[in-house]
Each structure stands twice: as C-alpha cells, then as structure tokens.
Amino acid sequence: MDYGRSERPAGAAPLPTAIKILIAGGFGVGKTTMVGAVSETRPLRTEEVLTETGIGIDDLSGVEEKSTTTVAMDFGRITISDDLVLYLFGTPGQDRFWFVWDELALGALGAVVLADTRRLADCFPSIDYFEGRGTPFVVAVNCFEGARTFRLDEVQAALDLDPGVPVVLCDARQRESAKEVLITLLEHAMKLREARRRAAGD
Amino acid sequence: MTRPGDPTEQEWVDDHAGPVVRPYAVTGGRARPVTGTFDLISLVTATRNEVGSESGLGPEHVAIVGLCQRIQSVAEIAAHLDLPVGTVRVLLGDLAARSLVQVREPRATPAGLPDEHVFEAVINGLRAL
Ligand SMILES: Nc1nc2c(ncn2[C@@H]2O[C@H](COP(=O)(O)OP(=O)(O)OP(=O)(O)O)[C@@H](O)[C@H]2O)c(=O)[nH]1
Ligand SMILES: [Mg+2]
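Conventions we followed
- Residues numbered from 1 in each chain as written.
- Chains lettered and ligands numbered in written order.
- Predicted model: local features only at pLDDT ≥ 70, side-chain atom pairs only at ≥ 80, totals over all residues.
- Heavy atoms only, no water.
- Helix = DSSP H or I, 4+ residues; strand = E, 2+ residues; numbered from the N terminus.
- Buried < 20%, exposed > 50% of the residue type's maximum accessible area, 1.4 Å probe, protein only.
- Contact = heavy atoms within 4.5 Å.
- Areas by Shrake-Rupley, 256 points an atom, 1.4 Å probe, with all protein chains shown as cover.
- Phe/Tyr/Trp six-rings, centres within 6.5 Å; stacked < 30°, edge-to-face > 60°.
- Core = buried A, V, L, I, M, F, W, Y, C linked by side-chain atoms within 4.5 Å.
- Pairing = 2+ DSSP bridges.
- Near = heavy atom within 4 Å.
- Polar contact = N/O pair within 3.5 Å; in protein donor to acceptor, adjacent residues only side chain to side chain.
- pLDDT = per-residue confidence, 0-100.

(A) The arrangement of the overall build of chain A in detail. Helix and strand content of chain A: five helices and seven strands. Element order for chain A, N to C, with α for helix and β for strand: β-α-β-β-β-α-β-α-β-α-β-α. Counting every position in chain A, which comprises 202 residues, the buried fraction comes to 51%. Sequence-distant contacts, at least 24 apart, represent 72% of the contacts inside chain A between residues at least 6 apart. For chain A, the exposed area adds up to about 9,800 Å²; of that, 52% sits on carbon and sulfur atoms.

What follows is the structure, given as structure tokens:
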C-alpha cells in the first residue's frame, strides 16, 4: 500500500471522534449484508482471541495448554464528516460471547436488531440484551422471499416489545433501506435520550 | 521473553505455528499493552512518516505506522493486518510508549448517550450519503 509520504503532517488537525452502531440478530439474518450495504467499503472482519485462563499469559510455555476461542466481528465504516466517523459492527453469535457484546455495546449510539419472520424467536436474545442494558434499539424485519408477511404490530406484539420501540421493514441488501433503518434508530435514540434527561429532572 | 524483532521470532512463525501461537509470537508472548486501553474504535494516526529499523520494532509495528498514515480505528488495523485485536493492542501500546502514534479514545459516555448534536450530525450525514 502506498500512502503519500507528505500526507500526514504530525499533529496538524485533531483526530475525529468515532462512534458506533451495532447490527444484531440471529444467525444468517442479514447482519453482514446490512453492514456492507451502507458502509464505504465491503465489510471488514476482525477477530478477538479469547483465552479461558487469565493467568500465566506472559509465559510462552503455557500457550498450548490454554483453551482459546476466536470470535469474529464484521464491521464497516461511514465517514460522516471530518470530525465524525461512524462504525457499524455486526455482533457475533448470540448466547455465547456476551462479554464481547459488552465491549461492543459500551458507548454505542444504539443497535439495530434484525429479525426474520420465519424464525422470529432468533432475535429474542438480542432484544433481551439491549433491553437489559438500556441500549436504544429498533427492530428491522428483513424481508426474505417466501416469508409470510406479518403486520408490523403483529411483530411488535410477538416480540413483546415496549410500545415505544420502532419496528420497521427493511431489505438489508439495499443501501437506501439500511440508511432509513439507521436514521430511525438515531431518531429513536435521541428521543430516549431526551426522555431520560427529563426523567432525571433537569 | 522473546521480543518482537528478535531472530528467535522466526521459530514461532513457521509452518508448525498454529493460528493461536502466531499472535503471541508477534507480541513476544505479551497479552496486554504497556500503555493505553485501545477501544475497538479508538482512532490512531502515526506521528511519523515511517520508522527506521533502529527502533527495535518488529515488522508488524512498522506495518501499523504505514497503515496509520491515514487515520484508522483499532478494528481496522486488526482487519488489515489480519491479526487479532488483542495482538494489535499490544503493538499499539509499544508504539504509543514511543510516541510513534497518537490515539483518540472514543468519547466516554457515562450517561450512556452522547450529545444531541452528534445524533443530528450523523442523521444529516446519513441522509446526504
Ligand atoms: N432475500 C433476502 N436475502 C437476504 C437479505 N439479507 C441478507 N440476505 C441473504 O441472507 C444470507 C445471510 O446474510 P448475512 O448477511 O451473511 O447474515 P448474517 O446475519 O451476517 O449471518 P451470520 O453472521 O452467519 O449470523 C446471505 O445469503 C444474504 O445474501 C434480504 O434482505 N433479503
Ligand atoms: Mg455475518
């Protein structure tokens, strides 16, 4: 890779602020597809190697005795402006790796929970997780072919969602559709933020 | 302990080294950075155009400085170098300790959510895409 030598004058401009949104949901529901549809580049993949034992890590001789797991995360980048960069992270498999979720959710603006009406229950763990954490989220029903069409209020009821949680239809492959979902999430998160601020009494 | 750039590092990167061993070899077996925490979306930029071999750094350190001629997140560095995030954190710690990179941690949000103007900027930015 060739980056111009004169491209980066040291300490010239302050670094931008980075923010993130999570794309969650069950296996194969379209998380990576949505990340790719709206990001600047095709989704990137990063891995965390988790070690079961926390001690003796500095000792190379102990390496082969440790049990390790690799958790992969897909993500993409959207440069909003010179001082704001948005990252979208597809969350790794539900039910395990909750501490990776904790790391991802920390400081996130909010989350999109993708749902497939053919197997709606697959997104329960995601919803439980974000409800429990108080992370703003919306549910986006990904419209796969052959899926029976549900009314959105049926989905809302089936998922037992708080009435304030937006439920929208989407096509995770379409950039415009993915953008709309993200905007719905941000507007919802702003409202929540305002409501919480008022509830806190200032 | 094996240090990055040591000749013995080769032993750990040969065909017998599995995907687990290699990251340890790159960091000389260290699991934690000497300095810094490095969130996945911490943004990193190099403070120099290149680093010479005089610094005792390994090829992965040099590669990071090369990559970070443009601002990159920790996650992007890990993805481009095909190394686990934990490994990249250790390497970044080495570079930060030598002031070879500048790091911007994401805004801490104790109250949970950032300022309204951040939301507005993102919404407008997405609409303009
Ligand atoms: N028809 C249709 N297919 C979709 C849509 N979104 C994703 N797909 C397809 O569904 C499959 C799974 O999509 P992925 O984006 O890989 O799903 P994922 O949630 O990242 O999957 P895992 O990471 O394995 O859990 C792919 O073959 C996609 O092309 C959609 O909106 N409509
Ligand atoms: Mg995926």
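(B) Structural context of the environment of B:Phe38. Residue and element names in this part refer to chain B. Here phenylalanine 38 is to be found in the loop between helix 2 (21-26) and strand 1 (43-46). Taking the C-alpha atoms as reference, phenylalanine 38 lies 9.6 Å from alanine 75; in sequence the two are 37 residues apart. Ignoring sequence-local partners within four residues, the contact set of phenylalanine 38 consists of Pro33, Val74, Arg89, Leu92, Gly93, Ala96, Val103 and Glu105.

(C) Quick peek at the packing of aromatic side chains. All names here are of chain A. Applying the stated rule across the entire model yields seven aromatic pairs over all chains. Consider the rings of tryptophan 98 and tyrosine 129, whose centres lie 5.2 Å apart with planes at 10°: the pair is stacked. In this pair, tryptophan 98 is assigned in helix 2 (residues 98-105) and tyrosine 129 in helix 3 (residues 124-133), connecting sequence segments 31 residues apart. Overall, the relative accessible area of 29% leaves tryptophan 98 in the partly exposed class. Note on phenylalanine 130 and phenylalanine 137: the rings are 6.3 Å apart at their centroids and 35° apart in plane angle, and the pair reads as tilted. On the basis of relative accessible area, phenylalanine 137 is assigned to the buried category, the value being 5%. Ring pairs connect the aromatic residues Trp98, Trp101, Tyr129, Phe130 and Phe137, which therefore count as one cluster.

(D) Representation of the nonpolar core within the structure. In terms of nonpolar packing, the biggest core is built from 59 residues, with A:Phe89, A:Phe130, A:Phe137, A:Val139 and B:Leu92 touching the most fellow members. Counting residues in each nonpolar core, the second largest holds 34 residues, with A:Ile23, A:Val35, A:Val181 and A:Leu182 among its members.

(E) Spotlight on the sheet that holds strand 3 (residues 101-104) of chain B. All names here are of chain B. What the three strands build is an open sheet, ordered 2-1-3; its pairing is antiparallel. Looking at the sheet topology across the chains shown, the edges are occupied by strand 2 (72-73) and strand 3. Judged from the two bridges that link them, strand 1 and strand 2 form a sheet pairing that is antiparallel. Bridging across to strand 2, leucine 43 finds its partner in serine 73.

(F) Representation of the environment of A:Leu161 within the structure. Residue and element names in this part refer to chain A. In this fold, leucine 161 is placed in the loop between helix 4 (152-158) and strand 7 (167-170). Taking the relative accessible area as the measure of exposure, leucine 161 reaches 8% and is therefore buried. Along the chain, leucine 161 and isoleucine 127 lie 34 residues apart, while their C-alpha atoms are 8.6 Å from each other. In this view, leucine 161 contacts Ile127, Glu131, Phe137, Val139, Gln156 and Val167; residues no more than four positions away in its chain are not counted.

(G) Molecular detail of the site of ligand 1. Residues and elements named next belong to chain A. Near ligand 1 there are 15 residues, and of these Lys31, Thr32, Thr33, Asn142 and Glu145 occur at the shortest range. Here an oxygen atom of ligand 1 sits 3.0 Å away from a polar atom, N or O, in the main chain of glycine 30. In the environment of ligand 1, a nitrogen atom lies 3.4 Å from a nitrogen or oxygen atom belonging to the side chain of arginine 173. Burial of ligand 1 by the surrounding chains reaches 68%, relative to a free accessible area of 650 Å².

(H) Structural detail: the confidence of the model for chain A. Residue and element names in this part refer to chain A. For chain A, per-residue confidence averages 85 on the pLDDT scale, and 82% of positions sit at 70 or higher. No element of chain A has a lower mean pLDDT than strand 2 (residues 44-51), which averages 86, and none a higher one than strand 5 (residues 110-115), which averages 97. A low-confidence stretch, residues 1-10 (pLDDT under 50), is modelled with 18 contacts involving residues beyond four sequence positions or located in other chains. Confidence drops under a pLDDT of 50 for residues 54-59, and excluding neighbours within four residues, the segment shows eleven contacts in the predicted structure.

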